[in-house]
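Residue-level structure breakdown
Chain by chain, the residues:
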Amino acid sequence: MKKFIVANWKMIPLRAEAKALVEQLTSKVLAATNLPQIVICPPYPYLTFVQEMFSGAPIALGAQDCSSHEEGAFTGEVSVTMLKECGCQYVIIGHSERRHYHQESEEILRQKVEQALKQDLTVIFCVGESKLQRENEETYAVIKRQLEALPEKISHAPLVIAYEPVWAIGTGLTASFDDIKNAHDFIKGCMKKIGQETPVLYGGSVTGENAQEILSLDNVDGVLVGRASLNMESFWKICVA
Ligand code: 13P
């Protein structure tokens with residue numbers, strides 16, 4: 001199976017930067033062969049033009065979040081149907097920044113996943129422990145609880161799990177290879193119990209320098225990249241790692 005290289009642009013690039021990034025990426029992708037599955041997740045207002053700029057290059061579009069509702073009077077929310085209309089095939093759900101800054105509960109996340117799966121968007125579901133939880137040796141209990149928020153009966157759903165230890169996001173600290181391997185084994189084991197063979201990505205300070213080693217670990221099926229996805233030199237290094 002192809003590895004996934006997912007770029008989470010967060011709320012960082014403005015239009016001109018976003019345009020320049022896609023322009024560079026598209027020309028590199030069109031000239032390359034044997035690439036992983038590249039997924040770009042821009043902010044909502046840029047979804048449509050980013051999709052148009054792919055110009056047929058094999059790059060997929062993803063959103064950074066979606067509403068837990070199907071449609072209606074929910075000011076400021078964006079539904080899964082709208083994301084599909086913009087050309088999204090993927091949606092990130094449960095990123096630690098959403099859990100933390102927007103107090104997204106497990107129940108809300110379950111509803112978001114249900115909405116996305118109903119419309120066949122591939123869900124990139126993020127899990128991972130905080131620094132304090134890690135120090136208290138609660139990593140696996142936290143991951144298990146976060147995975148339990150997934151709806152029941154999701155067998156064979158288009159689902160990818162991203163293990164992003166919160167303390168490694170944007171800090172320059174990456175989890176050790178052993179930590180990554182163990183967490184990914186644990187996640188794969190939990191998913192198997194509910195009949196899912198789920199790819200597991202690692203996220204947290206992935207760079208052009210460390211990507212190759214991380215991606216060469218057996219049970220790492222890809223990476224979810226924040227900062228380094230906003231520099232095409234670094235991001236391309238990750239894509240070809
Ligand atoms: P960084 O790569 O900037 O640490 O961010 C990781 C992340 O949050 C991706 O979703």
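Residues numbered from 1 in each chain as written. Predicted model: local features only at pLDDT ≥ 70, side-chain atom pairs only at ≥ 80, totals over all residues. Heavy atoms only, no water.

**Some thoughts on helix H10 (residues 232-239)**
The condition is simple: In this scheme, a residue with accessible area under 20% of its type's maximum is buried, one over 50% is exposed, and one in between is partly exposed, where area comes from a 1.4 Å probe on protein chains only. Helix numbers and strand numbers start at the N terminus; a helix is a DSSP run of H or I with at least 4 residues, a strand a run of E with at least 2. The directions considered for the arc are those from the helix axis to the C-beta atoms. Contacts are assigned to residue pairs that have any heavy atoms within 4.5 Å of one another. Any pair of N or O atoms that falls within 3.5 Å is considered a polar contact. Within protein, one atom must be able to donate a hydrogen and the other to accept it, and sequence-neighbouring residues count only if both atoms are side-chain atoms.
Every buried residue belonging to H10 is among Met232, Phe235, Trp236, Ile238 and Cys239, and all of these are buried. Looking straight down H10, one finds that the buried residues subtend no more than 155 degrees of arc, so they occupy a single side. The inward-facing, buried residues of H10 abut strand S1 (4-8), helix H1 (15-31), strand S2 (37-41), helix H9 (211-215) and strand S8 (222-225). For H10, the capping residue at the N-terminal end is Asn231, with a side-chain oxygen 2.9 Å from the backbone nitrogen of Glu233.

**Looking at the site of the ligand**
The condition that has to hold: Throughout this document, a residue counts as near a molecule or strand when at least one of its heavy atoms sits within 4 Å of that molecule or strand. The protein chains shown are the only cover counted for residues, whose accessible areas, like all others here, come from Shrake-Rupley with a 1.4 Å probe. Residues are sorted three ways: Asp, Glu, Lys and Arg are charged, Ala, Val, Leu, Ile, Met, Phe, Trp, Tyr, Cys and Pro are nonpolar, and all the rest, Gly among them, are polar.
Around the ligand, the surrounding shell holds 13 residues, and the nearest of these are Lys10, His95, Glu164, Gly170 and Ser205. Backbone polar atom of Gly170 to an oxygen atom of the ligand: 2.6 Å apart, as the coordinates give it. Note that an oxygen atom of the ligand is positioned 2.8 Å from one of the backbone N or O atoms of Ser205. Calculation on the ligand without its partners gives an accessible area of 300 Å², and the protein chains cover 97% of this total. In terms of residue class, the shell around the ligand is made up of 4 nonpolar, 6 polar and 3 charged.

**Observations regarding the sheet that holds strand S6 (residues 159-163)**
So the rule is basically this: DSSP calls a pair of strands paired once it identifies at least 2 bridges connecting them. For helices, the fitted axis covers only the stretch in contact; all axes are lines through C-alpha atoms, and the angles between them, taken along N-to-C directions, range from 0 to 180 degrees.
Pairing within the closed barrel is parallel, and its 8 strands lie in the order S1-S2-S3-S4-S5-S6-S7-S8. Strand after strand, the sheet turns through a mean of 25 degrees between neighbouring axes, direction not considered. Sheet strands touched by helix H7 (residues 139-148): strand S5 (122-127) and S6. Its angle to S5, the strand with the most contacts, is close to 150 degrees.

**Observations regarding unusual backbone geometry**
Here Gln103, not a glycine, exhibits a phi torsion of approximately 45 degrees, which is positive. Structurally, the position occupied by Gln103 is in the loop between helix H4 (96-101) and helix H5 (106-118).

**Re the packing of aromatic side chains**
Short version of the rule: Classification of ring pairs uses Phe, Tyr and Trp, with its six-membered ring standing for Trp, and accepts pairs whose centres are within 6.5 Å; under 30 degrees between planes counts as stacked, over 60 as edge-to-face, and the remaining range as tilted.
Overall, the coordinates contain 4 aromatic pairs when judged by the stated rule. Arranged with centres 6.3 Å apart and planes meeting at 75 degrees, the rings of Phe4 and Tyr90 form a pair that is edge-to-face. Placement of Phe4 in strand S1 and of Tyr90 in strand S4 (residues 90-93) is noted, with a sequence separation of 86 residues between them. Here Phe4 and Tyr90 have matching classes, each one buried.

**Things to note about H1**
Test applied: A helix's residues, less one, multiplied by 1.5 Å, set its expected span.
For H1, with 17 residues, the first-to-last C-alpha span of 24 Å sits near the 24 Å given by 1.5 Å per residue. Within H1 the residues assigned to the buried category are Ala18, Leu21, Val22, Leu25, Thr26 and Val29. The buried residues of H1 occupy an angular sector of 130 degrees when the element is viewed end-on, so they sit on one face. Across H1 from its buried face, at more than 90 degrees, point the exposed residues Ala16, Glu23 and Ala31. On its buried face, H1 is in contact with S2, helix H2 (47-53), strand S3 (59-63) and H10.

**Structural notes on the environment of Val123**
Mapped onto the elements of the fold, Val123 is located in strand S5. The class of Val123 is buried, set by a relative accessible area of 0%. Separated by 61 residues in sequence, Val123 and Gly62 have C-alpha atoms that sit 9.3 Å apart. Among residues more than four places away in sequence, those in contact with Val123 are Val91, Ile93, Val113, Ala116, Leu117, Pro158, Leu159 and Val160.

**Description of the pattern of salt bridges**
Convention followed: One speaks of a salt bridge when a side-chain nitrogen belonging to Lys or Arg is within 4 Å of a carboxyl oxygen belonging to Asp or Glu.
One pass over the full model with this rule turns up 17 salt bridges. Between Lys112 and Glu104 there is a salt bridge, with the nearest N and O atoms lying 2.7 Å from each other. Note on accessibility: Lys112 and Glu104 belong to one class, buried. Between Asp178 and Lys181 there is a salt bridge whose closest N-O contact spans 4.0 Å. Linking Asp178 with Lys181, this pair stays in helix H8 (residues 177-193), spanning 3 residues, or about one helical turn. The exposure class assigned to Asp178 is partly exposed, which follows from its relative accessible area of 48%.

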